[in-house]
Amino acid sequence: MTKTRSNWGPLVILMVNMFITMVGMGLIIPILPKFMMELGATGREMGYLIAAMGVTQLIFSPIGGEMSDKYGRKFMIVLGIGVFTLSQLLFGLADQMWLLYVSRMLSGIGAALLTPAMMAYVADITVEEERGKGLGLFSASMSLGIVIGPGIGGFLAEYGLRVPFYVAAAVAGVSVLLSLLFLPETQSREARHLARTSEKKRENLLKQMLSSFRAPYFMLLLLVFMMTFGLMGFESVISLYVTEKHGFTPKDISLMITLGALAGVFTQAVLFERLLRRFSERQILMAMFLLAAVMMLAVLAAKTYVAIFAVTILFFVATTLIRPAVNTLLSKMAGNEQGFVAGMNNAYMSLGTIAGPAIAGVLFDVNVNYPYVLGAAFMVASMVMVIRWKESPGLRKQAGIPAQVKEGAAAARE
């Protein structure tokens, strides 16, 4: 069955759901130190607590993608938000460290079940020509939630340290009801039945990732990891860096990161589709990886608040344009495996989320400049990968997608 136009109504619900989820995840950032002090936890335990979510998100991402193919997008979206609601409530009620660990691991599971299903849903409701716009809007809602989550958490914490988590749980509960009542299923019963009855058994995460090395879209998954690694490395130590080298206040840092990220969100939502009309996804990726690398090095050279502010804005703009460009190419190449590819996308992103801050923190202790030198190297390497991939003999230069994949996708649509 061929789609003739995109259905934007359900996309609004998806954007609201993703926004709520990302806000809930960001609430913890300004509150966690006081929370840990209340429980008498060490810095090492705090680090483990942050990593716990990324680990479960990594493990469950492929499962979530496959289950969305077997049981439907709506079911997995509702289940994912439901698990996330429980995790927020548990964190607010927790009075022991092990409960906090359980809460964060549940958050990772909820995100792993939710995100692949949502990305596959966007692919289901949009025609290929408008998929970039749909994924751009969806990514913008994700980025906006990440940006304002810490601010909301800090504001609500004025009324009580646990209030933000109760509010997040209540709002997520409303999101579950909205999805149940108003979100239609996009995966046909026949497609779900075919996925469930397929004799092909699901491999474990390691085998799936190893098999992804041979996939025509592996380079795109690797770019997801490298971009996330660089972005999370940048964000995790920027406040420490500008405080140590330039004496920035918390207010300075908050304003810089928030406005910089908002600029990236605006670019995603408003400019990405226009850029796609003039340039290919590949051209956008090459330019933005180069811009991100230059900005990471520019941070080391910038001396004034205005200069660092400008560099931060340009860095966020670059990285927020990379994400939807990669996601659009992945979606085009996924064919009938939208759920699986979305799950692997989330898995590689989780790896970057775990590795980026961890390595950046270690390097920062050695030399405050090293995290940005390494991040710039990753961005340059990513640009080179995109250039080389474009020149591969198996790709069509005019579209940048392997001919066999295009033919397979066309046959599937017919």
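Residues numbered from 1 in each chain as written. Predicted model: local features only at pLDDT ≥ 70, side-chain atom pairs only at ≥ 80, totals over all residues. Heavy atoms only, no water.

The chain goes by MFS transporter, DHA1 family, multidrug resistance protein in an unreviewed UniProt entry, where it is assigned to Paenibacillus tianmuensis. Under the heading Sequence similarities (unreviewed entry), UniProt records this for the chain: "Belongs to the major facilitator superfamily. TCR/Tet family." What UniProt records for the chain under Subcellular location (unreviewed entry) is the sentence "Cell membrane". (UniProt positions renumbered as here; feature names shortened; annotations may be inferred.)

Pairs of packed helices are described in terms of their axes, by the angle between the two and the distance that separates them. Two elements in contact, helix 4 (residues 73–93) and helix 7 (residues 163–182), have axes separated by 8 Å at closest approach and are oriented at 165 degrees. Overall, the two elements helix 4 and helix 7 adopt an arrangement that is roughly antiparallel. Crossing hand, helix 4 versus helix 7: left-handed. Across the interface between the two elements, Lys74, Ile77, Val78, Ile81, Gly82, Phe84, Thr85, Gln88, Leu89, Phe91, Gly92 and Leu93 of helix 4 pack against Phe165, Tyr166, Ala168, Ala169, Ala172, Gly173, Ser175, Val176, Ser179 and Leu180 of helix 7. (Axes fitted to C-alpha atoms, helices over the stretch in contact; angles between N-to-C directions. Helix = DSSP H or I, 4+ residues; strand = E, 2+ residues; numbered from the N terminus. Parallel < 35°, antiparallel > 145°, perpendicular 65-115°, else oblique. Left-handed = near helix turned anticlockwise from the far one by under 90°. Contact = heavy atoms within 4.5 Å.)

Counted by the stated rule, this structure contains 12 aromatic pairs. On the basis of an interplanar angle of 65 degrees and a centroid distance of 5.0 Å, the ring pair of Phe213 and Phe218 is categorised as edge-to-face. The partly exposed category is assigned to Phe218, whose relative accessible area is 22%. Aromatic side chains Phe315 and Phe316 sit 6.2 Å apart centroid to centroid with 70 degrees between the ring planes, which places their arrangement in the edge-to-face category. We classify Phe315 as buried; its relative accessible area is 0%. One aromatic cluster in this structure is built from Phe234, Tyr241, Phe315, Phe316 and Tyr372. (Phe/Tyr/Trp six-rings, centres within 6.5 Å; stacked < 30°, edge-to-face > 60°. Buried < 20%, exposed > 50% of the residue type's maximum accessible area, 1.4 Å probe, protein only.)

Mapped onto the fold, Met25 is located in helix 1 (residues 9–26). Once the C-alpha coordinates of Met25 and Gly153 are considered, the two residues, 128 residues apart in sequence, prove to be 9.7 Å apart.

This brings us to the side chain of Asp69. Tracing the backbone through its elements, the reader meets Asp69 in helix 3 (residues 43–71). In terms of polar contacts, Asp69 uses its side chain to reach the side chain of Arg73, at 2.8 Å. (Polar contact = N/O pair within 3.5 Å; in protein donor to acceptor, adjacent residues only side chain to side chain.)

Taking 1.5 Å as the rise per residue, helix 7 with 20 residues should run 28 Å; its terminal C-alpha atoms sit 29 Å apart, in good agreement. Buried within helix 7 are the following residues: Pro164, Phe165, Ala168, Ala169, Ala172, Ser175, Val176 and Ser179. All buried residues of helix 7 fall inside an arc of 130 degrees around its axis, so they share one side. Helix 7 presents Leu177, Leu181 and Phe182 as exposed residues on the side facing more than 90 degrees away from its buried surface. (Expected span 1.5 Å × (residues − 1). Arc of directions from axis to C-beta.)

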